[in-house]
Amino acid sequence: IDGEAIGLNTAIMSQAGGYMGIGFAIPINMARNVKDQLVEFGKVNRGFIGIEMDPQDISSDLAKLFGLKKNKGVIVTRVFEGSPAEKGGIEKDDVIIKLNGKEVDNFLKFRNSIAMFSPGTKIKMVVWRDGKEVELKIEVGSQDESRAFGSVSSDVGRQFGLEVKDIDKELAEKYGLDVEEGVVVSKVVKGSSAEQKGLREGMVILSVERMRVSSVVEFNAIFDELADDKTRVAFFVRYGGISYYVVLVRTQIYTVP
């Protein structure tokens, strides 16, 4: 109403190519942050602390299990060794309930908040651990560091029943890969959408929804741009010298063994 931009449009909802009145946009504060980084550094450098989280909203049952007073926060399911999170004192099964004094609502908002911090920023967290609040201080790292911690796409990939990794020399030799771009499938869950559509260990994912992928960080970032209710997602994969599309169904969080 004041003529101010509130978002940067990225996609529309369409079943036949026409506009149906629903669009999807990146919040303008996030777009402005990206612009500022591009101008100053020539690239976008997202924040990273080195944890995996349960992407589900905390239900009443989970709140009861962890002794929480509210159905808010994110549950830490893994802490990478040597990461900023480990150095700052975060532990598996901690529930992050506050970030810089503000309540943490859910996984998606928290992940985006961390990504918006510049590497080197010192942040304050409050976690719920064994029935009491614990205050922690963490220095945010860079997502470029994620490769050093064996970064995998668990938060996204597990929705389809697969795990992916960045392609390095060791994996290229192990799977006999003839490509340098993309991410390699390192695990597939039995009975998952990925297995049902023929995905297997050693395949390379080159793009998602026709957006090129060159790292796990990019793989995860693409899903930030996709609508949360988009259940059918197209992957462009390569295996045995052949490249083709496969559509996977995003249904539930599979446990990658």
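Above: the structure in question.
Presented here is an overview of the structure given in this document. (Residues numbered from 1 in each chain as written. Predicted model: local features only at pLDDT ≥ 70, side-chain atom pairs only at ≥ 80, totals over all residues. Heavy atoms only, no water.)

## Quick word on the overall build of the protein
1) Next: Along the backbone of the protein there are eight helices and 16 strands.
2) Next: Over its C-alpha atoms, taken along the principal directions, the protein stretches across nearly 55 × 50 × 40 Å.
3) Next: Within the protein, the proportion of its 257 residues that are buried is 41%.
4) Next: Put simply, the protein shows about 14,800 Å² of open surface, and 49% of that area lies on carbon and sulfur atoms.
5) Next: Placing the 35 positive and 38 negative side-chain charges of the protein at their respective mean positions leaves the two points 2 Å apart. (Helix = DSSP H or I, 4+ residues; strand = E, 2+ residues; numbered from the N terminus. Buried < 20%, exposed > 50% of the residue type's maximum accessible area, 1.4 Å probe, protein only. Areas by Shrake-Rupley, 256 points an atom, 1.4 Å probe, with all protein chains shown as cover. Lys, Arg positive; Asp, Glu negative; His and termini not counted. Charge placed at Lys NZ, Arg CZ, Asp CG, Glu CD.)

## Description of the environment of E81
1) Next: Locating E81 in the fold gives a position in the loop between β5 (74-79) and α3 (84-88).
2) Next: Along the backbone, E81 and A227 are 146 residues apart, and their C-alpha atoms lie at a distance of 32 Å.

## Section: helix α1 (residues 28-41)
1) Next: Taking 1.5 Å of rise per residue, the 14 residues of α1 would be expected to cover 20 Å, and the 20 Å separating its terminal C-alpha atoms lies within 8% of that figure.
2) Next: For α1, the complete set of buried residues consists of A31, V34 and Q37. An end-on view of α1 places all buried positions within 125° of arc, on one side of the element. Of the residues in α1, the exposed ones pointing more than 90 degrees away from the buried face are N29, V39 and E40.
3) Next: Buried positions along α1 lie against β1 (7-12) and β2 (23-27). (Expected span 1.5 Å × (residues − 1). Arc of directions from axis to C-beta. Contact = heavy atoms within 4.5 Å.)

## Regarding the pattern of salt bridges
1) Next: The full count for this structure, using the stated rule, is 11 salt bridges.
2) Next: One salt bridge connects K35 with D36, and the closest N-O pair in it is separated by 2.8 Å.
3) Next: By relative accessible area, which is 44% here, K35 ends up partly exposed.
4) Next: Close ionic contact of D105 with K109 constitutes a salt bridge, the shortest N to O distance being 3.7 Å. (Salt bridge = Lys/Arg side-chain N within 4 Å of Asp/Glu carboxyl O.)

## Describing the side chain of S83
1) Next: The topology assignment puts S83 in the loop between β5 and α3.
2) Next: Classification of S83 as buried rests on a relative accessible area of 0%.
3) Next: One polar contact links the side chain of S83 to the main-chain carbonyl oxygen of F80, over a distance of 2.6 Å. (Polar contact = N/O pair within 3.5 Å; in protein donor to acceptor, adjacent residues only side chain to side chain.)

## Here's the deal with unusual backbone geometry
Note: most peptide bonds trans; most residues except glycine with negative phi.
1) Next: The residue N100 is not glycine, and still its phi comes out positive at about 50°.
2) Next: Among the secondary structure elements, N100 is positioned in the loop between β6 (95-99) and β7 (102-103).
3) Next: You will see that E209, though not glycine, has its phi angle at about 50°, which is positive.
4) Next: Examined against the element boundaries, E209 turns out to sit in the loop between β13 (204-208) and β14 (211-212).
5) Next: According to the relative accessible area criterion, E209 is partly exposed, its value standing at 24%.

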